[in-house]
Amino acid sequence: MKLTRFEDLDCWKEARQLTRQVYDAIGRNQSWQKDLRLCGQIQGAAVSVMANIADGFVRHSDKEFVQFLFVAMASAAEVQSHLYVAVDQEYLVPETFDSIYAQAGKTSRIISGLIKYLRRKTRQTK
């Protein structure tokens, strides 16, 4: 089956779920909402995961797609790092931290699997 839309990619679906979780957690905590810098940073990083997957998908080569997927993985790690600040500032309870952190990790693992697949496919066509 050939994928024709980025919305069909499992990694993009998981990135969307990650973004939902981040926005939901911020929406539940007024103190966090007032920390505009951290809100902007973590929201931007979560959205960046989705956006880079989509952006890379429409590129004309697997090599370019892989580059964007690496950026998406880096953004997922950025979300995880910002979560530590949020939990340290008591914007998050540990259970919510764990849930969002795990979602970022799951998203990264799926992206990593896609990178490996694309690299293998590229080597086989040479």
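Shown above is the structure to which this text applies.
Predicted model only: the values in this text are computed from it and were never measured. (Residues numbered from 1 in each chain as written. Predicted model: local features only at pLDDT ≥ 70, side-chain atom pairs only at ≥ 80, totals over all residues. Heavy atoms only, no water.)

Q: Describe in detail the environment of V49, supporting the description with residues and values.
A: Along the chain, V49 falls in helix α3 (residues 36-57). V49 sits 20 residues away from L69 along the chain, and the two C-alpha atoms are 8.3 Å apart. Look past the residues within four positions of V49 in its chain and what remains in contact with it is A15, L18, A72, S75, A76, T107 and I111. (Helix = DSSP H or I, 4+ residues; strand = E, 2+ residues; numbered from the N terminus. Contact = heavy atoms within 4.5 Å.)

Q: Run through the layout of surface pockets, naming residues and quoting values.
A: Reported here for the largest pocket is a volume of approximately 360 Å³. In terms of lining residues, the largest pocket is bounded by 15 residues, among which L3, F57, D62, F65 and K121 are the most central. Broken down by secondary-structure element, the contributors of at least two residues to the lining of the largest pocket are α4 (62-88) and α5 (94-124). Here the element with the most residues in the lining of the largest pocket is α5; it accounts for 4 residues. Residues that form the lining of the largest pocket fall into these classes: 8 nonpolar, 3 polar and 4 charged. Its volume calculated, the second largest pocket comes out at about 170 Å³. Forming the walls of the second largest pocket are Q21, D24, A25, R28, N29, Y91, L92, V93, T96, S99 and I100. (1 Å grid on protein atoms, 1.4 Å probe; cavity = no way out; pocket = protein on both sides within 12 Å on 5 of 7 lines; lining within 4 Å. Points joined across faces, edges and corners; volume = space filled by probe spheres on them. Nonpolar A, V, L, I, M, F, W, Y, C, P; charged D, E, K, R; others polar.)

Q: If you had to explain the nonpolar core to someone new, which residues and values would you point to?
A: In terms of nonpolar packing, the biggest core is built from 36 residues, with W32, I53 and V79 touching the most fellow members. For this core, the secondary-structure elements that each account for two or more residues are α1 (10-27), α3, α4 and α5. Discounting chain neighbours no more than four positions away, the residues touching W32 are A25, I26, L38, C39, I42, A86, Y91 and L92. (Core = buried A, V, L, I, M, F, W, Y, C linked by side-chain atoms within 4.5 Å. Buried < 20%, exposed > 50% of the residue type's maximum accessible area, 1.4 Å probe, protein only.)

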